[in-house]
Amino acid sequence: MGKTLAEKIFSEHVGRDVKAGEIVLARVDIAMAQDGTGPLMINEFRELGFKEVKVPKAFLFIDHASPSPRKELSNSQKMMREFGKEMGVKVFDAGDGISHQILAEKYVKPGDLVAGADSHTCTAGGLGAFGTGMGSTDVAIIFGLGQNWFKVPETIKVVVNGKLQDGVYAKDIILEIARILGSDGATYKALEFHGSCIENMNVEDRLTISNMAVEVGAKAGLMPSDEKTREFLKKMGREEDFRELKADPDAVYETEIEIDATTLEPLVSLPHYVDNVRKVSEVEKEKIKIDQVFIGTCTNGRLQDLEIALKILEKHGKHPDVRLIVGPASRKVYMDALEKGIIKKFVELGAAVIPPGCGPCVGIHMGVLGDGERVLSTQNRNFKGRMGNPNAEIYLASPATAAATAVTGYITDPRRFI
Amino acid sequence: MIRGRVWKFGDNISTDHIAPGRYFHLRNNLEELAKHVLEDAMEDFAKKVQKGDIIVAGKNFGLGSSREHAARIIKIAGVSCIVAKSFARIFYRNAINVGLPVIELKEVDEINQGDELEIDLENGVLKNLTTGKEYRFTPIPKFLLEILKEDGIVNYLKKHGSFPKV
């Protein structure tokens, strides 16, 4: 019987053929924690008496509160740097960018098992790696033992066929998936993506979709590794990390859902849950006023996202009442955007360009909302209080919808601005 | 046997409800963070909850971030068990890892705020002492129950040196 991508990757990491439903002890290729989960991970690593880090690639990322906005966090970050020095673990620090983007640029290989103390570790699925979020203690165990127990998940096959119309993007596809499955529709399961739309999509877009797999409860969001993957790895200067990896044609899936990309419209997720999804064309009629637009994050802070948004804003200008915040996902994205003149143009347009990192998405700094304010963000999550104020509203959409909204000051369909 | 008084919550209680991002700076100070536990779902919960109390909630409890702090501060606040229709995956595993029992029960709607419950984890029996009703739930898998018995994975590994047998 054929294997799903999840079964293939786990079989390789267990050393025998494994099937969905089995609890297995698997070796991990890449493990990481960030400044929200790292200090607890380090405490538990020490509590468990580990003396060395045994996972092949281990990293710490200071990306959440970065650069640090207050002394308690500065002390936690100091502790992470000291641990990194002591154990020989590389620490990515202020200005380097978001963990998931850096892992995709520099380290993740198709077929890897990636465990991170951050729920959006599933982003690695965009490169055909099994990336999954875990708690600090689980990651501490992986740092110390190089392995942990996992349940091999059942898989939901998601087939996306056809070509997206202009103004509709990968973000709209994953919002459609959230609408269909709901916020717990894939709990304990993996998503595996198929179909002509996925095959023709570059890895940057695939990362956007995989990033939000956890928003439907999924343990991973797996893309095939194919020529598009090779292209991306080549662009990152590591083509040698490529290998083709696809599910077997006779793999067994728990369920299957199908999406027709050709009829998909721009979508927006309304407060306070990601699966509260509606068409932008409908919501636009309600003229929902937006105070702040944020373009960035591990979901949509890549170069092409900035380019799409800039194209719209350059042509139509920013509404004077909208605060526009732009956050490149990594130092590389920032540098590329600088070289292409994108950052200069955003600054000229009236945007606040923030250093690479999670920015206002995590609710501690660089764009905390006031009571009753609304933000439209390209991030992945809109839970009450997520961005630092439970009395504010968060709307989620693509960079194009974000840019169109920054033009008019209310939630706006980008298709007439393309 | 677990026995306690019920605090009732709805569906989709997120890790932002449990451990709000605005208290990010308290993550290395769990006793302080616990004073804000579930603040965005029930404002005065942390002040009113008593040792041994039980949280009863709807579906998808703990969705969102991987922050293990969420499970830890519920435990620090004195909660002895969470009963929900379903749990988000990362939260469920974190709860077991920190020694906080979590059970899935379909009939949570029949349980009310303030009811007194008695829960037998090993046999999968929940008694509502207030209404007199008794429910059966799928017992926690043995593998995870072993971890709970040692009050979490850290204690388990320290004592046994390896994971429980599957």
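Worth saying up front: this structure is predicted, and the values here are computed from it rather than measured. (Residues numbered from 1 in each chain as written. Chains lettered and ligands numbered in written order. Predicted model: local features only at pLDDT ≥ 70, side-chain atom pairs only at ≥ 80, totals over all residues. Heavy atoms only, no water.)

Tell me about the overall build of chain B, residues and numbers included.
Assigned secondary structure in chain B consists of seven helices and seven strands. Along the first, second and third principal axes, the C-alpha atoms of chain B reach 45 × 40 × 25 Å. Taking all 166 residues of chain B together, 65% fall into the buried category. Contacts in chain B between residues far apart in sequence, at least 24 positions, make up 60% of those at least 6 positions apart. By element, 46% of the accessible surface of chain B is carried by carbon and sulfur atoms, the whole surface being about 6700 Å². Side-chain charges in chain B split into 25 positive and 23 negative, and the spacing between the mean points of these groups amounts to 4 Å. (Helix = DSSP H or I, 4+ residues; strand = E, 2+ residues; numbered from the N terminus. Buried < 20%, exposed > 50% of the residue type's maximum accessible area, 1.4 Å probe, protein only. Contact = heavy atoms within 4.5 Å. Areas by Shrake-Rupley, 256 points an atom, 1.4 Å probe, with all protein chains shown as cover. Lys, Arg positive; Asp, Glu negative; His and termini not counted. Charge placed at Lys NZ, Arg CZ, Asp CG, Glu CD.)

Quick one: what's the story with the packing of aromatic side chains, residue by residue and with numbers?
Going through the model one piece at a time under the given rule, you end up with 18 aromatic pairs over all chains. A ring pair is formed by Phe10(A) and Phe150(A), whose centres lie 5.5 Å apart and whose planes are at 50 degrees; its orientation type is tilted. Residue Phe10(A) is found in helix H1 (residues 5-14), and its partner Phe150(A) is found in strand S7 (residues 147-151); the two are separated by 140 residues along the sequence. Here Phe10(A) and Phe150(A) have matching classes, each one buried. Note on Trp149(A) and Phe143(B): the rings are 4.8 Å apart at their centroids and 80 degrees apart in plane angle, and the pair reads as edge-to-face. Here the residue Trp149(A) occupies a position in strand S7, and Phe143(B) occupies one in helix H6 (residues 142-149), the pair thus bridging two chains. Judged by its relative accessible area of 9%, Trp149(A) falls in the buried class. The class of Phe143(B) is buried, set by a relative accessible area of 6%. Members of the aromatic cluster, connected to one another through ring pairs, are Tyr188(A), Phe61(B), Phe87(B), Phe91(B) and Tyr92(B). Lys90(A) extends its terminal NZ or CZ atom over the ring of Phe92(A), reaching a point 4.7 Å from the ring centre. (Phe/Tyr/Trp six-rings, centres within 6.5 Å; stacked < 30°, edge-to-face > 60°. Lys NZ or Arg CZ within 6 Å of the ring centre and 35° of its normal.)

Run through the UniProt feature "binding site: [4Fe-4S] cluster" in chain A, naming residues and quoting values.
Residue and element names in this part refer to chain A. UniProt's entry tags Cys298, Cys358 and Cys361 with the feature "binding site: [4Fe-4S] cluster", counted in the numbering of this structure. On the basis of their most widely separated C-alpha atoms, the annotated residues across 64 residues gather in one place, lying no more than 9.8 Å apart. When its relative accessible area of 8% is taken as the criterion, Cys298 is described as buried. Ignoring any residue separated from it by four or fewer positions in sequence, one finds Cys298 in contact with Ile98, His100, His120, Asn211 and Asn380. Examined against the element boundaries, Cys361 turns out to sit in the loop between strand S16 (352-353) and strand S17 (374-377). For Cys361, a relative accessible area of 6% gives the class buried. (UniProt positions renumbered as here; feature names shortened; annotations may be inferred.)

Explain the interface of chain A and chain B residue by residue, including any values.
Taken together, the contact between chain A and chain B spans 51 residues of the former and 41 residues of the latter. Taken together, both faces of the contact between chain A and chain B bury some 3800 Å²; the carbon and sulfur share is 58%. Where chain A packs against chain B, one counts four salt bridges. In this structure, the salt-bridge partner of Lys59(B) is Asp184(A), at a minimum N-O distance of 3.8 Å. Put simply, chain A and chain B have 20 residue pairs in polar contact (both at pLDDT 80 or more) between them. Listed by contribution, the elements that provide at least two residues to the side of chain A that touches chain B are strand S1 (23-27), helix H2 (38-47), helix H3 (71-87), strand S6 (130-133), helix H5 (136-145) and S7 of chain A. Class assignment of the residues belonging to the side of chain A that touches chain B gives a composition of 21 nonpolar, 18 polar and 12 charged. (Buried area = accessible area lost by both parts, 1.4 Å probe. Salt bridge = Lys/Arg side-chain N within 4 Å of Asp/Glu carboxyl O. Polar contact = N/O pair within 3.5 Å; in protein donor to acceptor, adjacent residues only side chain to side chain. Nonpolar A, V, L, I, M, F, W, Y, C, P; charged D, E, K, R; others polar.)

Outline the pairing of strand S8 (residues 155-161) of chain A, listing residues and values.
All names here are of chain A. Taken across its seven residues, S8 has six buried, putting it largely inside the fold. Across five bridges, S8 lies against strand S9 (residues 190-194) in parallel orientation. Across the sheet, the residue bridging to Thr155 is Ala190, located in S9. Pairing between S8 and strand S11 (residues 255-260): six bridges, direction parallel. Looking across to S11, one finds that Asn161 is bridged to Asp260. (Pairing = 2+ DSSP bridges.)

Tell me about the environment of Gly128(A), and please be specific about residues and values.
All names here are of chain A. Structurally, the position occupied by Gly128 is in the loop between strand S5 (113-117) and S6. Between the C-alpha atoms of Gly128 and Val108, which are 20 residues apart in sequence, the distance is 8.9 Å. Excluding residues within four positions of it along the chain, Gly128 makes contact with Ile9, Pro110, Gly111, Met223 and Leu245.

Give me the lowdown on the pairing of S6(A), citing residues and values where you can.
Every other side chain in a regular strand lies on the same face of the sheet, so the side chains alternate between the two faces. Residues and elements named next belong to chain A. Of the two faces of S6, the one carrying Phe130 and Thr132 and the one carrying Gly131 and Gly133 are both buried. Relative to S6, S5 runs parallel, the two sharing four bridges. When the sheet's bridge partners are listed, Ala115 is paired in S6 with Thr132.

Tell me about the sheet that holds strand S3 (residues 57-61) of chain A, residues and numbers included.
Residues and elements named next belong to chain A. Spatially, the five strands line up as an open sheet ordered S4-S3-S2-S5-S6, and their pairing is parallel. With one partner strand each, in any of the chains shown, strand S4 (90-92) and S6 form the two edges of the open sheet. Taken pair by pair, the neighbouring strands of this sheet meet at an average axis angle of 20 degrees, ignoring direction. Taken together, the three bridges between S3 and S4 define a ladder with parallel strand orientation. Residue pairing in the sheet places Phe59 in a bridge with Lys90 of S4. (Axes fitted to C-alpha atoms, helices over the stretch in contact; angles between N-to-C directions.)

Could you give me a rundown of the pattern of salt bridges, with the residues and numbers involved?
Residue and element names in this part refer to chain A. Overall, the coordinates contain 48 salt bridges over all chains when judged by the stated rule. Residues Glu204 and Lys235 are paired through a salt bridge, measuring 2.7 Å at the closest nitrogen-oxygen approach. With Glu204 in helix H8 (residues 203-211) and Lys235 in helix H9 (residues 227-235), the pair connects residues that are 31 residues apart, well separated along the chain. By relative accessible area, Lys235 is classed as exposed at 53%.

Let's hear about the environment of Val102(B): which residues, and what values?
All names here are of chain B. Relative to the elements of secondary structure, Val102 occurs in strand S4 (residues 102-104). Taking the C-alpha atoms as reference points, Val102 and Ile82, separated by 20 residues in sequence, lie 4.8 Å from one another. Dropping the residues within four chain positions of it, Val102 is found in contact with Ile82, Phe87, Phe91, Tyr92, Ala95, Ile96 and Ile140.

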